[in-house]
Amino acid sequence: MKYLIHITSVLFFISFFYEISKAQNCADYHVENCRWADRTYLYSRQSRSALFTPGMKSVFNIIVYGGEEYYISVSAHRKLGDIRVQLKENNEKQTILYDNADFKYEDYFYFKNAITKKMIVEVSVPENEKYKDEKFCLGVLIEFRRNKVEEEDNQLGF
Amino acid sequence: MYNKTFLSRKIWFSLFVTLLLINCCKPAKNNKEDTTSFIKNMDFPDSIQQRQLKNNYYQFPSAKEMFNYIKQEETLAFNPNLTNPVSHYPRYVDTKSKILNLGIYLADISYLTLYKEINKASEYLEVVHKLYKDLRIEVPFTDQFISRIKDNLNNEDSLVYISEQYSDEFYRYMYSNNKEHILATVSAGSYIEGLYIALNLVDEYKENSSVIQKIAEQKYTFENLYQNLNEFNDDSNIHLTLQYMEKILSVYNQLETKRKPVKTSKNEDNILVIDGGDEFFMSRSQFYELKSLINQLRKEIITKSF
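Residues numbered from 1 in each chain as written. Chains lettered and ligands numbered in written order. Predicted model: local features only at pLDDT ≥ 70, side-chain atom pairs only at ≥ 80, totals over all residues. Heavy atoms only, no water.

1. With respect to the pairing of strand β3 (residues 57-64) of chain A
And then number 1: Of all 8 residues that make up β3(A), 7 are buried, and the element is covered over most of its length.
And then number 2: Of the pairings in the sheet, the one linking β3(A) to strand β8 (residues 117-124) of chain A comprises 8 bridges and is antiparallel in character. Its bridge partner lying in β8(A), I62(A) is registered against M119(A).
And then number 3: Note: β3(A) against strand β1 (residues 56-58) of chain B, 3 bridges, orientation parallel. When the bridges of β1(B) are listed, V59(A) appears paired with N56(B). (Buried < 20%, exposed > 50% of the residue type's maximum accessible area, 1.4 Å probe, protein only. Helix = DSSP H or I, 4+ residues; strand = E, 2+ residues; numbered from the N terminus. Pairing = 2+ DSSP bridges.)

2. Here's the deal with the state of the cysteines
Put plainly, two cysteines are in a disulfide when a covalent bond ties their sulfur atoms together.
All names here are of chain A.
And then number 1: Applying the stated criterion across every chain yields a total of 1 disulfide over all chains.
And then number 2: One disulfide bridge connects C26 with C137, the sulfur atoms lying 2.0 Å from each other. Measuring the twist about the S-S bond at about -80 degrees, one finds the C26-C137 disulfide to be left-handed. Here the residue C26 occupies a position in the loop between α1 (2-24) and α2 (29-33), and C137 occupies one in strand β9 (residues 136-146), the gap between them amounting to 111 residues. Assigned by exposure class, C26 and C137 land together as buried. (Disulfide = S-S within 2.5 Å.)

3. Thoughts on the sheet that holds β1(B)
And then number 1: The 5 strands lie next to each other as β6(A)-β5(A)-β8(A)-β3(A)-β1(B), forming an open sheet whose pairing is mixed. Looking at which strands have only one partner, the edges of the open sheet turn out to be β6 (96-99) of chain A together with β1 of chain B. Across the sheet, the axes of successive neighbouring strands diverge by a mean angle of 20 degrees, strand direction being ignored.
And then number 2: Bridge analysis of strand β5 (residues 84-89) of chain A against β8(A) gives 6 bridges, and the strand direction is antiparallel. (Axes fitted to C-alpha atoms, helices over the stretch in contact; angles between N-to-C directions.)

4. Some thoughts on the packing of aromatic side chains
And then number 1: Applying the stated criterion to the full structure yields 30 aromatic pairs over all chains.
And then number 2: Taking 4.0 Å as the distance between ring centres and 20 degrees as the angle between the ring planes, the aromatic pair formed by Y98(A) and F109(A) counts as stacked. Within this pair, whereas Y98(A) is found in strand β6, its partner F109(A) is found in strand β7 (residues 108-113), the two being separated by 11 residues in sequence.
And then number 3: In textbook terms, an aromatic cluster arises when at least three aromatic residues are bridged by ring pairs, as seen for Y70(A), Y98(A), F103(A), F109(A), F111(A) and F144(A).
And then number 4: Sitting over the ring of Y108(A), R35(A) keeps its end group 3.8 Å from the ring centre.
And then number 5: R298(B) extends its terminal NZ or CZ atom over the ring of Y196(B), reaching a point 4.0 Å from the ring centre. (Phe/Tyr/Trp six-rings, centres within 6.5 Å; stacked < 30°, edge-to-face > 60°. Lys NZ or Arg CZ within 6 Å of the ring centre and 35° of its normal.)

Written out as structure tokens, the structure is:
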């Protein structure tokens, strides 16, 4: 009987701490949960996951190369609500170039960029009194490919 | 008889309670994120949470993304003498030089795989594996990766794919195990090596060279790398790398900038097109100043212990 109690205790603790360790770490959240673009796009190491609380806003400073097409996708726990994503110029004015609030908070978008520049991806989630003390994972997936126009120009013959 | 039945009931009851406890802690399959609710009641003095719960992240492309970008337009011939020889590995005895040279070797692997120099790349992977061990970086499935590499030495495409997977595992491991301070220095080492290779692949300065233009654009990456490193400035191993970055940025900050207003439009596929921005111009003297500085810093990193 003692042996059985030992085994059940160990099983219980393994299960409990496994769940906790998963909860603490969001490192892979964007890989596992964000919607991916098609296979012509390549994964960028600028992708990242983070912990968010309701009402929080975070800024991801990224670099986009000239002549490349980018795909940005976000995902988070449903309790965080609609994720707002704004693409901004990285200057004093921080001019908004794209805001997913204008597109019913769509969780992905594409853009083409002509000249290499620094950009800001600002991600925010609404306040929520019910879950205000909880932390949730949020992922930002960034993919890229060479500008399609250039590719087409190079595709001569068959 | 009575005792036996009683014991059996107790066993079943214990099993039932255990299963109940396990299931109550296990999220439903379709609701995997619910695990995060555990954090609410746990007061972890956990730096992973602190690092993941911040308002500003400085991101930058990998050295491989940078190589791919620079190599796009002009034909840059492969130069086998630009990588740090694997025979230098025994020189790196202290942590600082091991971390910086891990970054150097990782950039060398990216350069070698980009030019499909696979056999040479596999030698570099072995050194990287040794440095991982020295630095107690336990990338999962390392032995499997090494054996897959040995099994595929004649299959270039598979080797490129395997080395990319291995590199992804490394980054995943570093983020998941609160080793971002080490990753920041590794990335700085990789970028110094990447810039060293790019600058030395260019034989001579040409005013309208797109490669030189792309080297100039790396100013942004070094700015974000600096900000990223600066987050860990309480770590003594970071100080030297920060000084390197400051020296490199002092050259980059001299570049002339042409401003074109940023404009957005939609193309025929309804995709956002962003035009304009700051264009950098790198003069002949700035190009050679940067080349000389990077050559000197890189030499310092690969030849001595700190």
